[in-house]
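# Analysis of the macromolecular model
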Amino acid sequence: MRMSLSSIAVLTLACAACSSPGTAGLPAPAPATTITSPSGPTQSPTSSPEPPEPSAARAKIPDVVGMNLQAAQDTMQAAGFYFLDDQDATGQDRLQIYDRNWVVTRQTPAAGRKADPATRITLWAKKHGE
């Protein structure tokens, strides 16, 4: 029996679809069911969980003005703030390579306010002696 090249290609694709990972050839997943209990209907464990609600926890922003930049970053992180943005207070857009040589001159948001830990904290710093 001779098969044409196009017949072989069709058979090869059909076999590949049956053996490839995914849903081909697998039974469909069972639909989510509702279980009724004395307290009312609830979703079965196969249903999708709802996304977690945003954290309502707020923390007090520490005052780090006057600290060297490294100590200021450590203080912010100890208070739960990790979204830190360091800026050159002189406007020269220099990078703070060695944080201990820089002193924080201002911060936003202001110290003492309560904020969500995901709040961006900007620390403006200049080199010691400037």
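Residues numbered from 1 in each chain as written. Predicted model: local features only at pLDDT ≥ 70, side-chain atom pairs only at ≥ 80, totals over all residues. Heavy atoms only, no water.

### So, the overall build of the chain
To be explicit about the condition: Here a strand is any run of E in DSSP of at least two residues, a helix any run of H or I of at least four, and the numbering for each starts at the N terminus. Residue burial is assigned from relative accessible area. The probe radius is 1.4 Å, only protein chains are included, and a residue is buried under 20% of its type maximum, exposed over 50%, and partly exposed in between. We call two residues contacting when some pair of their heavy atoms lies within 4.5 Å. Working definition of accessibility: Shrake-Rupley area with a 1.4 Å probe, residue cover restricted to the visible protein chains.
Along its length, the chain carries two helices and seven strands. Burial analysis of the chain (130 residues in total) assigns 22% to the buried set. In the chain, the share of contacts with a sequence separation of at least 24, taken over all contacts with a separation of at least 6, comes to 58%. Working note: accessible area of the chain is about 9500 Å², and carbon and sulfur atoms make up 59% of it.

### With respect to the sheet that holds strand 4 (residues 84-88)
Heads up, the rule is: A pair of strands is treated as paired once DSSP finds two or more bridges between them. In this description, a line fitted to the C-alpha atoms serves as the axis of each element, helices being fitted only across the stretch in contact, and the angle between N-to-C directions of two axes falls anywhere from 0 to 180 degrees.
An order of 4-7-5 is seen for the three strands of this open sheet, with the pairing classed as mixed. Single-partner strands in this sheet number two, and they are strand 4 and strand 5 (102-108). Each strand of the sheet is rotated relative to its neighbour by a mean of 30°, with strand direction disregarded. Here five bridges tie strand 4 to strand 7 (residues 121-127), and the two strands are oriented parallel to one another. Paired with Asp86 across the strands is Leu123, a residue of strand 7. Strand contacts of helix 2 (residues 69-78): strand 4, strand 5 and strand 7, with the helix running at about 165° to strand 7, the strand carrying the most contacts.

### A few points about a positive patch on the surface
Defined as follows: What makes a patch is a set of residues exposed beyond 30% relative accessible area and free of salt bridges, joined within 9 Å when like-charged and within 5 Å when nonpolar (Val, Leu, Ile, Met, Phe, Trp, Tyr). A pair is scored as a salt bridge if a Lys or Arg side-chain nitrogen falls within 4 Å of a carboxyl oxygen belonging to Asp or Glu. Only four residue types enter the charge count, namely Lys and Arg as positive and Asp and Glu as negative; His and the chain termini do not. By convention, charge coordinates are those of NZ in Lys, CZ in Arg, CG in Asp, or CD in Glu.
Judged by side-chain charge, Arg58, Lys60, Arg113 and Lys114 come together as a positively charged surface patch. Here Arg113 is to be found in the loop between strand 5 and strand 6 (114-115).

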